[in-house]
Amino acid sequence: MTIADKQLQCREIITKAVCGKGRKFATVTHTVTPPHHPTSILGAWIINHQYEAVRSGDGIEVIGTYDINIWYSYNKNSQTDVAKETVSYVENVPLSYVDPKHRASTEEVSADSIQEPNCIEANISTSGSSVVIRVEREFGVEMIAETKVCVAVCPGGCDDLDGKDIEYGLGDGDYEDLDPDLLDDEL
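Note that this is a predicted model, so its numbers are computed, not measured.

Visitor: Any details on the overall build of the chain? Residues and values, ideally.
Guide: Of the regular secondary structure elements, the chain holds zero helices and seven strands. When the elements of the chain are put in sequence order from the N terminus, they spell out β-β-β-β-β-β-β. By residue count, 29% of the 187 residues in the chain fall in the buried class. Within the chain, residue pairs in contact and separated by at least 24 positions form 76% of the contacts whose partners lie at least 6 positions apart. Carbon and sulfur atoms form 48% of the exposed surface of the chain, whose accessible area is close to 12300 Å².

So, in structure tokens, the structure goes:
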């Protein structure tokens, strides 16, 4: 039995779905001033990363903090110390896709740290009194909300099928002319 054998009926249902997505990679620079003038940088790392997501305008803001730790030598490489600084940030991640029919009053947003903040470079500033840190970070965000979806409905309900198979025809079904090399293997 094909859908064409019966009168096709459609209904709109309301469901929760991913109604917006976005992703953003960023490289930022921070300056940390240790208590002593550094002679050399022995290590730099980021710890204690915490964040949350909030809806803002056309995107989602990721609001967070992390601690920068810099292990350095001073006094002509005769002593070492660790400088610590907590950094706050706000990263606006635009939504590359938004369902225009979603219900704004039902929005829920979330963010995932695709790449945790990571120190990629640490140098002593030209003044010699501070350390300039470059940090990479990347976030993926999603907005979930209620939206309308159109579905095909069996007029007699599921009991009307009596074990019959439904065929969803997409034309004449002649697929022999398709080039198998063009098919996506990941599907």
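After presenting the structure, the write-up continues.
Visitor: Hey, could you go over the nonpolar core for me, with residue numbers and the actual values?
Guide: Of all hydrophobic cores here, the largest spans 26 residues; its most connected members are Val62, Tyr66, Ile68, Ile70, Ile133 and Val141. Contacts of isoleucine 70, omitting those with residues within four sequence positions, involve Val32, Ile41, Gly43, Ala44, Asp81, Val82, Ala83, Val131 and Ile133.

Visitor: Describe the sheet that holds strand β6 (residues 108–124), naming the residues involved and giving the relevant values.
Guide: The strand order across the open sheet built from four strands is β5-β1-β7-β6, with neighbouring strands paired in antiparallel fashion. In this open sheet, the two strands that pair with only one neighbour each are β5 (97–98) and β6.

Visitor: Could you give me a rundown of the packing of aromatic side chains, with the residues and numbers involved?
Guide: How two aromatic rings sit relative to each other is given by the distance of their centres and the angle of their planes. On inspection of all chains with the given rule, the structure shows four aromatic pairs. Over the ring of tyrosine 89 we find arginine 137; its NZ or CZ atom is 4.2 Å from the centre of that ring.

Visitor: Just give me the short version of the side chain of glutamate 138, but keep the residues and values in it.
Guide: Structurally, glutamate 138 is set in strand β7 (residues 131–153). If we ignore the near neighbours within four places in the chain, the residues touching glutamate 138 are Arg23, Lys24, Phe25, Asp112, Ser113, Ile114 and Gln115.

About the thresholds
- Residues numbered from 1 in each chain as written.
- Predicted model: local features only at pLDDT ≥ 70, side-chain atom pairs only at ≥ 80, totals over all residues.
- Heavy atoms only, no water.
- Helix = DSSP H or I, 4+ residues; strand = E, 2+ residues; numbered from the N terminus.
- Buried < 20%, exposed > 50% of the residue type's maximum accessible area, 1.4 Å probe, protein only.
- Contact = heavy atoms within 4.5 Å.
- Areas by Shrake-Rupley, 256 points an atom, 1.4 Å probe, with all protein chains shown as cover.
- Core = buried A, V, L, I, M, F, W, Y, C linked by side-chain atoms within 4.5 Å.
- Pairing = 2+ DSSP bridges.
- Phe/Tyr/Trp six-rings, centres within 6.5 Å; stacked < 30°, edge-to-face > 60°.
- Lys NZ or Arg CZ within 6 Å of the ring centre and 35° of its normal.

Treat this as a map of the structure, not an account of what it does.
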